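# Residue-level structural notes
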Amino acid sequence: MADEIVLLSAWPSMFGMRVRVALAEKGLKYEYREEDLQNKSPLLLNMNPVHKKIPVLIHNGKPISESMIIVEYIDGVWNHKSPLLPTDPYQRAQARFWADYVDKKLFDIGKKIIWSTKGEEHETGKKEFIECLKLLERELGDNPYFGGENFGFVDVSLVTFSCWFHTYESYGNFSIETECPKLIAWTKRCLEKESVSSSLADPRKIHDFASGVRKRLGIE
Amino acid sequence: MADDIILLDFWPSMFGMRVKIALAEKDLKYEYREEDLRNKSPLLLEMNPVHKKIPVLIHHGKPICESQIIVEYIDEVWKDKSPLLPSDPYERAQARFWADYVDKKIFELGRKIWTTKGEDQEAAKKELIGCLKILEGELGEKPFFSGENFGFVDVSLVTFSCWFYAYERFGNFSIEAECPKLIAWTKRCMQKESVSSSLADPFKICGFVVLLRKKFGIE
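The model shown is predicted, which means the values in this text are computed figures rather than measured ones.

Turning our attention to the pattern of salt bridges. All names here are of chain B. Per the counting criterion, the structure on display carries 31 salt bridges over all chains. We note a salt bridge from Asp103 to Arg18, for which the minimum N-O separation is 2.9 Å. Pair noted here: Asp103 is in helix H4 (residues 89-115) and Arg18 is in helix H1 (residues 14-25), with a separation of 85 residues, a long-range link. Given a relative accessible area of 32%, Asp103 falls into the partly exposed group.

In terms of residue burial, helix H3 (residues 67-77) of chain A counts as a mostly covered element, since 9 of its 11 residues are buried. Buried within H3(A) we find A:Ser67, A:Met68, A:Ile69, A:Ile70, A:Val71, A:Glu72, A:Tyr73, A:Ile74 and A:Asp75.

Turning next to the packing of aromatic side chains. Throughout the structure, instances matching the rule amount to 27 aromatic pairs over all chains. Considering the side-chain rings of A:Tyr73 and B:Tyr90, the 6.2 Å spacing of their centres and the 85° angle between planes classify their relative orientation as edge-to-face. Placement of the pair is A:Tyr73 in helix H3 and B:Tyr90 in helix H4, with the two residues belonging to separate chains. According to the relative accessible area criterion, A:Tyr73 is buried, its value standing at 6%. Ring plane angle 70° and centroid distance 5.7 Å describe the contact between B:Phe10 and B:Phe208, whose orientation is recorded as edge-to-face. Highlighted residues: B:Phe10 in the loop between strand E1 (5-9) and H1 and B:Phe208 in helix H11 (residues 202-216), separated in sequence by 198 residues. Comparing B:Phe10 with B:Phe208 shows no difference in burial state: the two are buried. Taking the ring centre of A:Tyr32 as reference, the NZ or CZ of A:Arg20 above it sits at 5.1 Å.

At the interface, 26 residues of chain A touch 24 residues of chain B. Here chain A packs against chain B, burying approximately 2,200 Å² in sum over the two surfaces, 70% of which is carbon and sulfur. Its largest share of buried area at the contact with chain B, chain A owes to A:Ile69, A:Tyr90 and A:Phe97, together 27% of the area lost on that side. In this assembly, chain A and chain B are joined by 6 salt bridges.

What follows concerns the side chain of B:Glu66. Tracing the sequence through the fold places B:Glu66 in the loop between strand E4 (62-65) and helix H3 (67-77). The class for B:Glu66 is buried, based on a relative accessible area of 17%.

With that out of the way, let us pick up the sheet that holds E4(B). Residue and element names in this part refer to chain B. With mixed pairing, 4 strands are arranged side by side in an open sheet as E2-E1-E3-E4. Every interior strand has two partners, whereas the edge strands, strand E2 (31-34) and E4, have only one. Here the strands of the sheet are splayed against their neighbours by 20° on average, with no regard to which way each runs. In the sheet, E1 pairs with strand E3 (residues 56-59) via 4 bridges, with the strands oriented antiparallel. Of the residues in E3, the one forming a bridge with Ile6 is Ile58.

On to the packing of helix H7 (residues 164-171) of chain B against H11(B). All names here are of chain B. At their nearest, the axes of H7 and H11 sit 8 Å apart, and the two run at 50° to each other. Regarding the angle of H7 to H11, the classification is oblique. H7 and H11 meet at a crossing whose hand is right-handed. Judged by residue contacts, Tyr165, Ala166, Arg169 and Phe170 of H7 engage Pro202, Phe203, Ile205, Cys206, Val209, Val210 and Arg213 from H11.

In contact at an axis separation of 9 Å, H3(A) and H4(B) are set at 165° when each is read in the N-to-C sense. Between H3(A) and H4(B), the angle falls in the class roughly antiparallel. Classified by chirality, the crossing of H4(B) by H3(A) is right-handed. Contact with H3(A), carried on its side by A:Ile69, A:Glu72, A:Tyr73, A:Gly76 and A:Val77, involves B:Pro89, B:Tyr90, B:Ala93, B:Arg96, B:Phe97 and B:Asp100 of H4(B) and no other residues of that element. For the contact of H3(A) with H4(B), the residue count by class is 7 nonpolar, 1 polar and 3 charged.

The rules behind these values
- Residues numbered from 1 in each chain as written.
- Chains lettered and ligands numbered in written order.
- Predicted model: local features only at pLDDT ≥ 70, side-chain atom pairs only at ≥ 80, totals over all residues.
- Heavy atoms only, no water.
- Salt bridge = Lys/Arg side-chain N within 4 Å of Asp/Glu carboxyl O.
- Helix = DSSP H or I, 4+ residues; strand = E, 2+ residues; numbered from the N terminus.
- Buried < 20%, exposed > 50% of the residue type's maximum accessible area, 1.4 Å probe, protein only.
- Phe/Tyr/Trp six-rings, centres within 6.5 Å; stacked < 30°, edge-to-face > 60°.
- Lys NZ or Arg CZ within 6 Å of the ring centre and 35° of its normal.
- Contact = heavy atoms within 4.5 Å.
- Buried area = accessible area lost by both parts, 1.4 Å probe.
- Pairing = 2+ DSSP bridges.
- Axes fitted to C-alpha atoms, helices over the stretch in contact; angles between N-to-C directions.
- Parallel < 35°, antiparallel > 145°, perpendicular 65-115°, else oblique.
- Left-handed = near helix turned anticlockwise from the far one by under 90°.
- Nonpolar A, V, L, I, M, F, W, Y, C, P; charged D, E, K, R; others polar.

Put into structure tokens, the structure is as follows:
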């Protein structure tokens, strides 16, 4: 029986993009359904009643939610091709740790830069954001990818934020390349992969999207 | 070669207790080191420079941080005994989802109950009960979240049960009245040696919270 895969997502979401990268890495065909987060579909509410969020992967009718859990699921089921997690338990724990670090830090701190109206919170957000990226850059070291020689789990968790970098830079008034040149070199290396370039949104469209939301919130 | 395992922990931490349960489930001997979180040891700062938090498991000198990640590591390395995660990828994804739900919700809501008053406290209470009811629904008629056997989600949640008395005392409500099946589940878990030997005494937890409230100036 052919696998039936549906992905519920929203195009600007760096979390949804992670799932697209993973599906592409495994060479999988799937149906993509764009969700209007202001008007969530009955399917989304039915498939993720707990959080009501995207992305949701529906595999043969059964839902999996939370982007890194979905990525790990994809890696576990389609384990014949492009492994994203290492086989060694210690290396796996380290990969999960860094993907968790990206999850705990980048999104929420990045929000302060884009959506905050208060000067101090904005400045603190910028400073913390750069610190996080520098820490990640140090973790990357001289490896081509966080996964070592090969693109892996941590790379998936972080690279999707790169199409939001232009937006962070614009509203934060700073240059990520100046602060973290090795990290930007890594994003370019990742973008050479078809699975990444075909999954990430256009940074200018992301910026327009953010600008639209800011106008709607009355902070543009 | 004997496994060289050290756990850096802090006795009231429900996160540290998760690791203690997992180690006990696998019957592992280890060295327990109590950390003073106001005066963190050089070892802790060296082993977890990113977050500087407990618990940290140090296995053959190499650190693993974040309680759920540590539990998964323990389950993978010592996979021949008492598996905590199922082998089916879909069931594994569901287990991780619910453990993540516990992580996202219970600690912060519980904390709000003993650190706030009035409307804020009422809102936190209501939300916590809502979350516990959702978890109770997920448990259903099964003995454990994993089904017939104690597993990953059980480990993630049961350690909060020794904090329930403190939440109830300061929030002035009864979790058993709201979620009787969940309390029945906690009692079932406590019949396991790995759980009863790992959880702190609820009265001691409550005493600890009293001290913290004094320190934070909460009446």
